[in-house]
Amino acid sequence: DGDGHMDHLLPGCEDKNCQKSSIYLMRSGTKQWVPVLQEFSNKGTLWGFVPYVHEEATEIEIPITLRIGDYNMDGYPDALAILKNTSGSNQQAFLLENVPCNNASCEGAHRMFRVYWELMDLNQIRDAVVATFFDIYEDGILDIIVLSKGYTKNDFAIHTLKNNFEADAYFVKVIVLSGLCSNDCPRKITPFGVNQPGPYIMYTTVDANGYLKNGSAGQLSQSAHLALQLPYSVLGLGRSANFLDHLYVGIPRPSGEKSIRKQEWTAIIPNSQLIVIPYPHNVPRSWSAKLYLTPSNIVLLTAIALIGVCVFILAIIGILHWQEKKADDREKRQEAHRFHFDAM
């Protein structure tokens, strides 16, 4: 819900055959599960999560899983889910958009999921098994990868779908490395390491209306059951081009240690990728960060506008200069004419 605290999502079936599916949410600091999606019917067809039925040893065992990602970069995480037609055999990938709550059942969560039933690209992929988000073009916009069953029994096909979301929204991409070396680190060399599971990222900024906006994400929270998670976190900022006032990064600490391993960076530029190197782990003040920028379309539009203004100003200067030169020539001719008239 964009309050800066992580919540728990629980997708599941309320009966053995998944005739009735639901997604529940438990907000941080509460002990109550609130339904955020219970309506899985479309045009008279009832859909539900795919129950696992152990029929053959070659079958891939995939539990009910939601893949989380902010596809429209509005600051509220959306989801991908595999749903099965309860009256047939077809199963497809569906996009679940995070929208404001519009019914009494989800008032405790303030937000809910809405299923996009009519996405043509996803609807064309039959017998989907796994769907996940992936930034194929490394532009900060999350695309979709779908794994589906192929023509033969044990054959699979991979489909990639480009995200055509055209609104000039902003993002920040953060990857927290391990800050470790394969052996003893040489002197004066900062160890990068690889991405690690468990870091927590949170930002605070001001939106276009002047209200405080928060966002948070965890890095690599799952490692089994075909997790297919990105090694970094993409946080949507909406259409606000303001700097991030604060960006906090925390990493797990050993058991028994009470001090929090957290560091803060300020004035982070939107549409940038931040690579955090937590070295040494127990001294957050010594952590370093590398910032890489990804210009958005507005940079090109700003450059075009600036060039247009410069050309317009140069044209005005040229016209004024030409008029001044004509006035000087006219004045010189008048002076020359007055001199000859006086000589006579």
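Residues numbered from 1 in each chain as written. Predicted model: local features only at pLDDT ≥ 70, side-chain atom pairs only at ≥ 80, totals over all residues. Heavy atoms only, no water.

Let us look at the packing of aromatic side chains. For the structure shown, the criterion picks out four aromatic pairs. Here Trp47 and Trp117 contribute two aromatic rings whose centre-to-centre distance is 6.3 Å and whose plane-to-plane angle is 40°, an arrangement assigned as tilted. Residue Trp47 is located in strand β5 (residues 45-49), and its partner Trp117 is located in the loop between β9 (111-116) and α1 (120-123); the two are separated by 70 residues in the primary sequence. Each of the two residues, Trp47 as well as Trp117, counts as buried. For the ring pair Phe94 and Trp117, a centre distance of 5.1 Å and an interplane angle of 65° mean the geometry is edge-to-face. Residue Phe94 is located in strand β8 (residues 91-100), and its partner Trp117 is located in the loop between β9 and α1; the two are separated by 23 residues in the primary sequence. Just as Phe94 is buried, Trp117 falls in that class too. In textbook terms, an aromatic cluster arises when at least three aromatic residues are bridged by ring pairs, as seen for Trp47, Phe94 and Trp117. Between Lys162 and the ring centre of Tyr137, over which it is positioned, the NZ or CZ distance is 5.5 Å. When the ring centre of Tyr232 is taken as reference, the NZ or CZ atom of Lys173 above it lies at 4.5 Å. (Phe/Tyr/Trp six-rings, centres within 6.5 Å; stacked < 30°, edge-to-face > 60°. Helix = DSSP H or I, 4+ residues; strand = E, 2+ residues; numbered from the N terminus. Buried < 20%, exposed > 50% of the residue type's maximum accessible area, 1.4 Å probe, protein only. Lys NZ or Arg CZ within 6 Å of the ring centre and 35° of its normal.)

We now examine the domain arrangement of the protein chain. If you check the domain split of the protein chain, you get domain 1 (1-166), domain 2 (167-294) and domain 3 (304-343). If you look at the interface, domain 1 gives 27 residues, while domain 2 gives 26 residues. Summed over both partners, the interface of domain 1 with domain 2 buries about 1,900 Å², with 57% contributed by carbon and sulfur atoms. Broken down residue by residue, the surface that domain 1 buries against domain 2 is led by Gly4, Met6 and Met73, which jointly contribute 26%. At the surface where domain 1 touches domain 2, the tally comes to two salt bridges. Between Lys173 and Glu138 there is a salt bridge, with its nearest N and O atoms 3.0 Å apart. The tally of links from domain 1 across to domain 2 stands at seven residue pairs in polar contact (both at pLDDT 80 or more). Of the residues belonging to the side of domain 1 that touches domain 2, the class tally is ten nonpolar, eight polar and nine charged. (Domains from an automatic or database assignment. Contact = heavy atoms within 4.5 Å. Buried area = accessible area lost by both parts, 1.4 Å probe. Salt bridge = Lys/Arg side-chain N within 4 Å of Asp/Glu carboxyl O. Polar contact = N/O pair within 3.5 Å; in protein donor to acceptor, adjacent residues only side chain to side chain. Nonpolar A, V, L, I, M, F, W, Y, C, P; charged D, E, K, R; others polar.)

Our focus in this paragraph is the UniProt feature "domain: T-cell immunomodulatory protein TIP C2" (unreviewed entry) in the protein chain. Under the UniProt annotation, "domain: T-cell immunomodulatory protein TIP C2" (unreviewed entry) lies at residues 191-292. This span, residues 191-292, is 0% helix and 44% strand, and a straight line between its end C-alpha atoms measures 19 Å. (UniProt positions renumbered as here; feature names shortened; annotations may be inferred.)

It is worth spelling out the state of the cysteines at this point. Tallied over the full model, the rule gives two disulfides. A disulfide bridge connects Cys13 with Cys18, and the sulfur atoms are separated by 1.8 Å. Measuring the twist about the S-S bond at about 80°, one finds the Cys13-Cys18 disulfide to be right-handed. Overall, Cys13 belongs to the partly exposed group, its relative accessible area being 28%. Cys101 shares a disulfide with Cys106; S-S distance 2.0 Å. Measuring the twist about the S-S bond at about 100°, one finds the Cys101-Cys106 disulfide to be right-handed. Judged by its relative accessible area of 23%, Cys101 is partly exposed. (Disulfide = S-S within 2.5 Å.)

Turning to the side chain of Gln91, a few remarks are in order. Along the chain, Gln91 turns up in strand β8. Among the polar contacts listed, one links the side chain of Gln91 to the backbone oxygen of Ala128, at a separation of 2.7 Å. Non-local contacts of Gln91, meaning those with residues more than four positions away in its chain, are made with Val50, Ile82, Leu83, Lys84, Ile125, Arg126, Asp127, Ala128 and Val129.

In the structure shown here, the tally under the stated rule is eight salt bridges. One salt bridge connects Asp135 with Lys173, and the closest N-O pair in it is separated by 3.0 Å. Residue Asp135 is located in the loop between β10 (128-134) and β11 (143-149), and its partner Lys173 is located in strand β13 (residues 170-176); the two are separated by 38 residues in the primary sequence. The pair formed by Asp135 and Lys173 is uniform in burial state, with each residue classed as buried. In this structure, Glu257 engages Arg261 in a salt bridge whose closest nitrogen and oxygen atoms are separated by 3.0 Å.

Once that is clear, we can look at the environment of Lys16. You can see Lys16 is positioned in the loop between β1 (8-13) and β2 (21-26). Take Lys16: its relative accessible area is 77%, and that puts it in the exposed class. Lys16 sits 124 residues away from Gly140 along the chain, and the two C-alpha atoms are 39 Å apart.

In the segment running from Tyr279 into Pro280, the intervening peptide bond is cis, with an omega of -10°. Position of Pro280 among the secondary structure elements: in the loop between β19 (272-277) and β20 (288-293). In the Ramachandran plot, Glu138 falls in the positive-phi region, its phi being about 50° despite a non-glycine side chain. Non-glycine residue Leu220 carries a positive phi angle of around 50°. The residue Leu220 is located in the loop between β15 (212-218) and β16 (233-238) in this model.

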